[in-house]
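# Working through the structure, step by step
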Amino acid sequence: MIPLILAGVLGIALLVGYVMVLVGIRREDKALSLRQHPDGASASLARKVTGCYARSGVQWT
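Quick look at the structure, then. Predicted model, so just to flag it, every value in this text is computed and none were measured. (Residues numbered from 1 in each chain as written. Predicted model: local features only at pLDDT ≥ 70, side-chain atom pairs only at ≥ 80, totals over all residues. Heavy atoms only, no water.)

To continue, consider the overall build of the protein. When you go through the protein residue by residue, the secondary structure sums to two helices and zero strands. Considering only intrachain contacts with a sequence separation of at least 6, the fraction spanning at least 24 residues in the protein is 21%. Only carbon and sulfur atoms are counted for the fraction: they give 67% of the accessible area of the protein, which is about 5,200 Å². (Helix = DSSP H or I, 4+ residues; strand = E, 2+ residues; numbered from the N terminus. Contact = heavy atoms within 4.5 Å. Areas by Shrake-Rupley, 256 points an atom, 1.4 Å probe, with all protein chains shown as cover.)

Okay, here's the thing in structure tokens:
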């Protein structure tokens, strides 16, 4: 019974993380703001997961 509960909790945690990444990607796509710092936790998580994030000290020419 305990392994089933643990699997359910892990599944819900993964689902919540997946939804957060999807929301962050949608927000970043609409804002067209990849050159600025993210404005929320979901946007920050989406950038870290996908590897698209603004590095400090890099100047765009």
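Moving on: the environment of Ser-42. Here Ser-42 shows up in helix H2 (residues 41-50). On the basis of relative accessible area, Ser-42 is assigned to the buried category, the value being 11%. Spatially, the C-alpha atom of Ser-42 lies 8.1 Å from that of Ile-25, the residues being 17 residues apart in sequence. Excluding residues that lie within four positions of it along the chain, Ser-42 makes contacts with Met-20, Val-23, Gly-24 and Arg-27. (Buried < 20%, exposed > 50% of the residue type's maximum accessible area, 1.4 Å probe, protein only.)

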